[in-house]
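Here is what each chain is made of, one letter per residue.
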Amino acid sequence: MVAIGLVVGLIATLVAVLIDWLPASASVQMNRITDLYWLATIICIVVFSVVMAVILYSVWKFRVQPDDLSDGPPIHGNTTLEIVWTVIPALLVVLIGVVSAVVLSKNSDAGTNPLNVHVYAQQFAWRFEYPDGKVLSSELVLPVDRTVKLTMESADVIHSFWIPQMAQKQDVVPGIVTTLVITPTKTGRFTLVCTELCGLGHATMRAPVRVLRPAEFAEWKDDHRIGAGGGGSEKPDGKAVFAANGCGGCHAFKPAGSDGEVGPSLDGLTDPEQVRQSIVDPNAEITAGYQGGVMPGTFAKTLSPEEIDALVQYLTGKSS
Ligand code: CUA
């Protein structure tokens, strides 16, 4: 019976392992999580198959005959059997626990020289700051094969950081700083999604992720350095402010190529004062057909007066 169970378990394991259930891994951390996931899954399949084989065989073999009305033999337990079916599962659970602890510890180890990136989450956009180069971006750009330590903060409610091909999820919680370590193994484009229901625009809270070769990454960072070549006194660019703050995630605006539908379209705005008010105090006046309390009221604090000026100018074509 046990042999039948093991054979069935082996076949089921092959079926489980040979089908591509999970997205192709693109990080060292996901490789470890995938290995752990399959270890636990295979243990479950084999134990299930053995138990079911014994049960089904017993149901078929020891079924009472229709005319048999006698009592069954008295059974007072079997110590050997009880030890076996206690010790084996205990060892398996301890094994899964130990391997999980090792994976968790390795996955949160950023090593001695990680690339530090700050992640800011707010309804309904992600922003990334590279402190060493003073780069602000609405796209997460990472170099391949380098360990990155993300330090995350939220401006309003709980969000959650998840790149499916890199497996890990980390809550971004207002008032505390959380961290996540990623070592990308593949270049290419991925998508960061918010995986915590955070309001009306939750489903649109996504950000592009690009993993580049180290040289390309250095070039990208140089190109996006704030005030590059201007000694830091350069006037902010409205288009860059719009992109870096994720405005396009919720609003359609043709010049920026955005088509968000959470908030009203920003095409054809002409009144600089009204636009300024909508940015710094979004609930003062709500466009008909839209709901109040959706747009974050934090821009008056997170943007400098110059950045707000630049944004107003970018949206209306006029300065106020
Ligand atoms: Cu942020 Cu869902």
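Look up a bit, the structure's there.
Here the structure is a predicted model, which means the values were calculated and not measured. (Residues numbered from 1 in each chain as written. Predicted model: local features only at pLDDT ≥ 70, side-chain atom pairs only at ≥ 80, totals over all residues. Heavy atoms only, no water.)

### A closer look at the pairing of strand S1 (residues 115-122)
Moving on, step 1. Here S1 runs beside strand S5 (residues 148-154); their pairing, made up of 7 bridges, is parallel. Bridge assignment links Leu115 to a residue of S5, and that residue is Val148.
Moving on, step 2. Judged from the 5 bridges that link them, S1 and strand S2 (residues 125-130) form a sheet pairing that is antiparallel. Paired with His118 across the bridge in S2 is Glu129.
Moving on, step 3. Linking S1 back to S2 in an antiparallel pair, the connection comprises 2 residues. (Pairing = 2+ DSSP bridges. Helix = DSSP H or I, 4+ residues; strand = E, 2+ residues; numbered from the N terminus.)

### Quick notes on helix H1 (residues 2-18)
Moving on, step 1. With 17 residues, H1 ought to run about 24 Å at 1.5 Å a step, and its terminal C-alpha atoms sit 24 Å apart, in line with that.
Moving on, step 2. Buried within H1 are the following residues: Gly5, Gly9, Thr13 and Ala16. Buried residues along H1 cover an arc of 70 degrees about the axis, so they all sit on one side. Relative to its buried face, H1 has exposed residues pointing more than 90 degrees away, namely Ala3, Ile4, Leu10, Ile11 and Leu18. (Expected span 1.5 Å × (residues − 1). Buried < 20%, exposed > 50% of the residue type's maximum accessible area, 1.4 Å probe, protein only. Arc of directions from axis to C-beta.)

### Comments concerning the sheet that holds strand S9 (residues 188-194)
Moving on, step 1. Read across the sheet, 5 strands follow the order S4-S10-S9-S6-S7 without closing on themselves; strand pairing throughout is mixed. With one partner strand each, in any of the chains shown, strand S4 (140-143) and strand S7 (169-172) form the two edges of the open sheet. With direction set aside, neighbouring strand axes in the sheet form an average angle of 25 degrees. (Axes fitted to C-alpha atoms, helices over the stretch in contact; angles between N-to-C directions.)

### A short note on the packing of H1 against helix H2 (residues 28-61)
Moving on, step 1. Relative orientation of the contacting elements H1 and H2 amounts to 145 degrees, with a least axis distance of 8 Å. In the crossing of H1 with H2, the sense of the turn from one axis to the other is right-handed. Contacts between H1 and H2 involve Val2, Ile4, Gly5, Leu6, Val8, Gly9, Ala12, Thr13, Ala16 and Val17 on the former and, on the latter, Trp38, Ile42, Ile45, Val46, Ser49, Val50 and Ala53.
Moving on, step 2. Among the residues making up the contact of H1 with H2, the classes are represented as 13 nonpolar, 4 polar and no charged. (Left-handed = near helix turned anticlockwise from the far one by under 90°. Contact = heavy atoms within 4.5 Å. Nonpolar A, V, L, I, M, F, W, Y, C, P; charged D, E, K, R; others polar.)

### Regarding the environment of Pro66
Moving on, step 1. Within the element layout of this structure, Pro66 appears in the loop between H2 and helix H3 (79-107).
Moving on, step 2. Put simply, Pro66 and Phe217 are 151 residues apart on the chain and 77 Å apart in space, counted from C-alpha to C-alpha.

### Examining unusual backbone geometry
Moving on, step 1. Residues Gln123 and Phe124 are joined by a peptide bond in cis, for which omega reads 0 degrees.
Moving on, step 2. Here Phe124 lies in the loop between S1 and S2.
Moving on, step 3. Of note, the phi angle at Asp145 is positive, near 60 degrees, even though the residue is not glycine.
Moving on, step 4. By secondary structure assignment, the location of Asp145 is in the loop between S4 and S5.
Moving on, step 5. Unlike most non-glycine residues, Ala167 shows phi in positive territory, near 65 degrees.
Moving on, step 6. Mapped onto the elements, Ala167 comes out in the loop between strand S6 (159-162) and S7.

### Some details on the pattern of salt bridges
Moving on, step 1. Considering all chains together, one arrives at 3 salt bridges under this definition.
Moving on, step 2. Across the salt bridge formed by Glu139 and Arg210, the nearest N and O atoms sit 2.8 Å from each other. Linking Glu139 in the loop between strand S3 (135-137) and S4 with Arg210 in strand S10 (residues 206-212), this pair joins segments that are 71 residues apart in sequence.
Moving on, step 3. Arg213 is the salt-bridge partner of Glu216, the closest N and O atoms lying 3.7 Å from each other. (Salt bridge = Lys/Arg side-chain N within 4 Å of Asp/Glu carboxyl O.)

### A look at the sheet that holds S3
Moving on, step 1. Ordered in space as S3-S2-S1-S5-S8, the 5 strands form an open sheet in which the pairing is mixed. Of all strands in the sheet, those bounded by a partner on one side alone are S3 and strand S8 (178-182). The sheet shows a mean angle of 25 degrees between the axes of neighbouring strands, taken without regard to direction.
Moving on, step 2. In this sheet, S8 lies alongside S5 in antiparallel orientation, the contact comprising 5 bridges.

### Focus: the packing of aromatic side chains
Moving on, step 1. Overall, the coordinates contain 10 aromatic pairs when judged by the stated rule.
Moving on, step 2. Ring centres of Trp126 and Phe161 lie 5.9 Å apart, and the angle between their planes is 85 degrees; on these two criteria the pair is classed as edge-to-face. One end of the pair, Trp126, is in strand S2; the other, Phe161, is in strand S6, and 35 residues separate them in sequence. Across the pair, exposure class does not vary: Trp126 and Phe161 are buried alike.
Moving on, step 3. Ring pairs connect the aromatic residues Tyr57, Trp60 and Phe62, which therefore count as one cluster. (Phe/Tyr/Trp six-rings, centres within 6.5 Å; stacked < 30°, edge-to-face > 60°.)

### Topic: helix H8 (residues 305-316)
Moving on, step 1. If you check H8, its first and last C-alpha atoms are 16 Å apart, about what 12 residues at 1.5 Å a residue would give, namely 16 Å.
Moving on, step 2. Looking at H8, one finds that the buried residues are Ile308, Ala310, Leu311, Val312, Tyr314, Leu315 and Thr316.
Moving on, step 3. Summarising the contacts, the buried residues of H8 are in contact with helix H5 (238-244), strand S11 (252-253), helix H6 (272-280) and helix H7 (299-302).

### Let's talk about the state of the cysteines
Moving on, step 1. All chains considered together, the criterion is met by 0 disulfides.
Moving on, step 2. Unpaired in terms of disulfides, Cys250 finds its nearest cysteine sulfur in Cys247, a separation of 8.8 Å. (Disulfide = S-S within 2.5 Å.)

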